[in-house]
Amino acid sequence: MRTRLHDIVAEAAARRGDAPALTYRDETLDYAGLWADVRRVAGGLRRLGLADGERVAVWTEKRIEAVQAIFGVSAAGGVFVPVNPLLKARQVAYILADCSVRILITTPERYALIRDELEQVKSVETVVLAGDQSWTDLVAGEPEPPLPGGVDVDVAAILYTSGSTGRPKGVVLSHRNLLTGGASVSRYLDNRPGDVLLAALPLSFDAGFSQLTTAFTVGAHVVLMNYLLARDVVRLCARHQVTGLTCVPPLWLQLAEQKWPEEATRALRYFANTGGRMPKSTLERLRGHFPAARPFLMYGLTEAFRSTYLDPAEVDRRPGSIGKAIPNAEILVLRPDGTPTGPGEEGELVHRGALVALGYWNDPQRTAERFRPLPGREGELVPEIAVFSGDTVIRDEEGFLYFVGRADDMIKTSGYRVSPTEVEEVAYDSGLVRDAVALGLPDDTLGQRVVLVASPPDGAELDTAALTAVFKRELPLYMVPRAIVARPVLPRSPNGKFDRNLIRQELTQ
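Residues numbered from 1 in each chain as written. Predicted model: local features only at pLDDT ≥ 70, side-chain atom pairs only at ≥ 80, totals over all residues. Heavy atoms only, no water.

Where an unreviewed UniProt entry is consulted, the protein appears under the name Acyl-CoA ligase (AMP-forming) (Exosortase A-associated), with the organism given as Actinoplanes campanulatus.

Pasting the structure below:
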């Protein structure tokens, strides 16, 4: 019986020990080798004094050691925190401090970037560098059995995602969340032991991490890649005879422009989209490239891993739909008073079931806002907690869902959620602005592009070039505003807040 995340590797090793599990560049590990390495990492972490439930951050590009570390943390009884490799030092330091990370696993190159910031992160006691002697020491010795005990509702991971009001928030996931998610997604994608999945998305992103869980659940093969050029995806699909490919819309737009030789598509059984709506024209081009592959259009949120998918048989009939609930989940559409909406009526998407996360790390206020008991079940001794997405959807008469919009000011760009406040804070910290508002405006390629509207300090002109340089230094590329618009004064609402809706209207007229 699977109770903890690493069990899926252990079971695959027992069933198909000599089958390929993980490839990076020219190195391939079979399941027996991966499971042995996971146990070596677990033993090394326990020798470092890792206690049950302590956090271990993994801040690397996708590589063999990152996967070994993630599952090794699980086997050691710890909680892993995968950190987006695109984040800059101060953002990483915030995450490490926020969840009191004790051990950081990174690379020598990244350690050099964060060394100064780490002086302010008092919780970090040990840094292990992949490819360095410290990693060799960690995995030295014979494989040890995983830590006994533990149940599936124990905390397994904390995935950080941008929040609408500022700093990133850590979504706390249990072993049950991750195991159920892997089983559910692999079921509707019909993943099999012979599948080869190309992991092109970051492992810190729930859809990226699911490439590991869906594959390992059925004993399939994962090929890791750190995306640089769209043609690299084509090349790896041909080299490894990839059968399943999941991407976000901006990457799909680039892939649709590529030439796809027959050797790169002959094995592809399905392609899947997540992180935003795929333009219909892009979908049609991809279907032309992959005539034998089934398209899966998906919707999800980190707080519930994955919520809906559109059956490929319905794509032509309902190209704008996000589908229906995935297996072992129920999706409700509720009015503000908690009652269900009727067909064609707008309401909030609410997700219930085994995939609902445990809440936000160290943030009871935001947890209470998003994770709430289902209305109408007040008589239950232990009320069921559901996740209220903040997204507005419509359900048609046949039960298919259609996305309408977000209830907050989050910017969805390049498959990421970006907090406008975090962008604005960098602008204010620069000393180059008096007022600043970050917005997401529609963009055919990115979903939304980040735009900053700012007023200069008194008696000065807005130095957009200097401000852009600050953004590029302090933020990952996907968060850097694509345009900076100067305004002498930013309009405010009657309550004194910046009038974001009016600013957006002015920019889109």
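Having seen the model, we can carry on.
S.K.: How should the packing of aromatic side chains be read in this particular structure?
M.R.: Both the distance between ring centres and the angle between the ring planes are used here to describe each pair of aromatic rings. Enumeration over the complete set of coordinates arrives at 15 aromatic pairs. Ring centres of Y188 and Y309 lie 4.0 Å apart, and the angle between their planes is 0 degrees; this geometry places the pair in the stacked category. Here Y309 lies in strand β14 (residues 308-310) and Y188 lies in helix α7 (residues 175-188), a separation of 121 residues in the sequence. Y188 gets classed as buried once you look at its relative accessible area, which sits at 7%. Note on W252 and F271: the rings are 5.6 Å apart at their centroids and 70 degrees apart in plane angle, and the pair reads as edge-to-face. (Phe/Tyr/Trp six-rings, centres within 6.5 Å; stacked < 30°, edge-to-face > 60°. Helix = DSSP H or I, 4+ residues; strand = E, 2+ residues; numbered from the N terminus. Buried < 20%, exposed > 50% of the residue type's maximum accessible area, 1.4 Å probe, protein only.)

S.K.: What am I meant to see in the sheet that holds strand β26 (residues 483-486) here?
M.R.: Strand pairing in a sheet relies on backbone hydrogen bonds, with the paired strands running either antiparallel or parallel. Taken in spatial order, the three strands line up as β24-β25-β26 in an open sheet, and their pairing is mixed. Each of the sheet's edge strands pairs with one partner strand only, and the pair in question is β24 (435-443) and β26. Across this sheet, the average inter-strand angle for adjacent strands is 30 degrees, counted without regard to direction. Relative to strand β25 (residues 447-455), β24 runs antiparallel, the two sharing nine bridges. Within β25, the position partnered with A438 by the bridge is L452. Here helix α15 (residues 464-474) sits on the sheet and contacts β25 and β26; the angle it forms with β26, its principal contact strand, is near 140 degrees. (Pairing = 2+ DSSP bridges. Axes fitted to C-alpha atoms, helices over the stretch in contact; angles between N-to-C directions. Contact = heavy atoms within 4.5 Å.)

S.K.: Before we go on, may I ask you to explain the layout of surface pockets in this structure?
M.R.: Using a probe with the size of a water molecule, rolled over the atoms, empty space left in the structure can be pinpointed. Here the second largest pocket defines a volume of roughly 700 Å³. Ranked by the residues each element gives to the lining of the second largest pocket, the list is headed by helix α10 (residues 249-256), at three residues. Of the residues assigned to the lining of the second largest pocket, the class counts are 15 nonpolar, five polar and four charged. Here the lining of the second largest pocket gathers at least three residues from each of two domains, domain 1 (5-175) and domain 3 (411-507). (1 Å grid on protein atoms, 1.4 Å probe; cavity = no way out; pocket = protein on both sides within 12 Å on 5 of 7 lines; lining within 4 Å. Points joined across faces, edges and corners; volume = space filled by probe spheres on them. Nonpolar A, V, L, I, M, F, W, Y, C, P; charged D, E, K, R; others polar. Domains from an automatic or database assignment.)

S.K.: In this structure, what is going on with empty space enclosed by the protein? I would like to understand it.
M.R.: Enumeration over the complete set of coordinates arrives at two cavities of 30 Å³ or more. Of the pockets and cavities examined, the largest cavity occupies roughly 90 Å³. Lining the largest cavity, in full, are V58, T60, E61, K62, A66, I70, P82, V83, P85, P202, L203 and S204. Counted by class, the lining of the largest cavity contains eight nonpolar, two polar and two charged residues. Reported here for the second largest cavity is a volume of approximately 40 Å³. In terms of lining residues, the second largest cavity is bounded by V185, L189, S210, Q211, T214, T246, M298 and R306. With three residues, helix α8 (residues 206-218) is the single largest residue contributor to the lining of the second largest cavity. Split into classes, the residues belonging to the lining of the second largest cavity amount to three nonpolar, four polar and one charged.

S.K.: Would you mind showing me how to read the environment of E474 here?
M.R.: Along the polypeptide, E474 turns up in helix α15. For E474 and R90, which are 384 residues apart along the polypeptide, the C-alpha to C-alpha distance reads 7.8 Å. When near neighbours in sequence (up to four residues on either side) are disregarded, E474 contacts K88, R90, Q91 and V426.

S.K.: Is there a simple way to think about the packing of helix α1 (residues 7-16) against helix α2 (residues 31-47) in this case?
M.R.: In a packed pair of helices, the relevant descriptors are the angle between the two axes and the axis-to-axis distance. Packing of α1 against α2 brings their axes to within 8 Å, and their N-to-C directions diverge by 145 degrees. For the crossing formed where α1 meets α2, the hand is left-handed. In this structure, α1 uses V9, A10, A12, A13 and R16 to contact α2, whose residues at the interface are Y31, A32, L34 and W35. Here the residues of the contact of α1 with α2 are counted per class, giving eight nonpolar, no polar and one charged. (Left-handed = near helix turned anticlockwise from the far one by under 90°.)

S.K.: Just checking my understanding: could you explain the pairing of strand β6 (residues 126-129) for this structure?
M.R.: For a regular strand, the rule is simple: side chains alternate between the two faces of the sheet. Pairing of strand β5 (residues 103-106) with β6, which is carried by four bridges, proceeds in the parallel orientation. Its bridge partner lying in β6, I105 is registered against V128. Once the chain exits β5 it traverses helix α5 (residues 108-118) before rejoining the sheet at β6, and the crossover so formed is right-handed. (Right-handed = clockwise from strand over helix to strand, strands pointing away.)

S.K.: Is there a simple way to explain the nonpolar core in this structure?
M.R.: Considering soluble globular proteins, one finds that nonpolar side chains tend to be buried as a cluster. Core analysis: the biggest nonpolar cluster contains 78 residues, and L22, F71, L212 and F216 have the highest contact counts within it. Residue contributions to this core reach at least three from each of two domains, namely domain 1 (5-175) and domain 2 (315-406). Residues in contact with L22, not counting those within four places in the same chain, are E27, T28, L29, L34, I64, V67, L212, F216, H221, V222 and L224. (Core = buried A, V, L, I, M, F, W, Y, C linked by side-chain atoms within 4.5 Å.)

S.K.: What am I meant to see in helix α9 (residues 230-240) here?
M.R.: Each full turn of the α-helix corresponds to 3.6 residues, which orients residues three or four apart in the same direction. Within α9 the residues assigned to the buried category are A230, D232, V233, V234, L236, C237 and H240. In the core, the buried residues of α9 are packed alongside β1 (20-24), β9 (196-199), β10 (221-224), β11 (244-247), α10 and α11 (262-265).

S.K.: Before we go on, may I ask you to explain the side chain of T23 in this structure?
M.R.: Structurally, the position occupied by T23 is in strand β1. A residue is classified by how much of its surface remains accessible, and T23, at 2% relative accessible area, is buried. Setting aside chain neighbours within four positions, we find T23 in contact with T28, I64, H221, V222, V223, L224 and H240.

S.K.: For this particular structure, what's the right way to read the environment of D429?
M.R.: Among the secondary structure elements, D429 is positioned in helix α14 (residues 420-430). Looking at D429, the relative accessible area reads 57%, which means it is exposed. Between the alpha carbons of D429 and V470 there is a distance of 9.5 Å; along the sequence they are 41 residues apart.

S.K.: Sorry, what's going on with the state of the cysteines here?
M.R.: Simply put, disulfide is the name for a covalent bond between the sulfur atoms of two cysteines. One pass over the full model with this rule turns up zero disulfides. Cysteine C247 shares no disulfide, and the gap to the nearest cysteine sulfur, in C237, comes to 8.1 Å. (Disulfide = S-S within 2.5 Å.)

S.K.: I'm lost on the packing of α7 against α8 in this one. Help?
M.R.: Look at α7 against α8: their axes get within 8 Å of each other, and the N-to-C directions meet at 75 degrees. Taken together, the axes of α7 and α8 lie roughly perpendicular to each other. Across from L178, G182, A183, V185 and S186 in α7, the residues of α8 making contact are F209, T213, T214, T217 and V218. Tallied by class, residues from the contact of α7 with α8 come to five nonpolar, five polar and no charged. (Parallel < 35°, antiparallel > 145°, perpendicular 65-115°, else oblique.)

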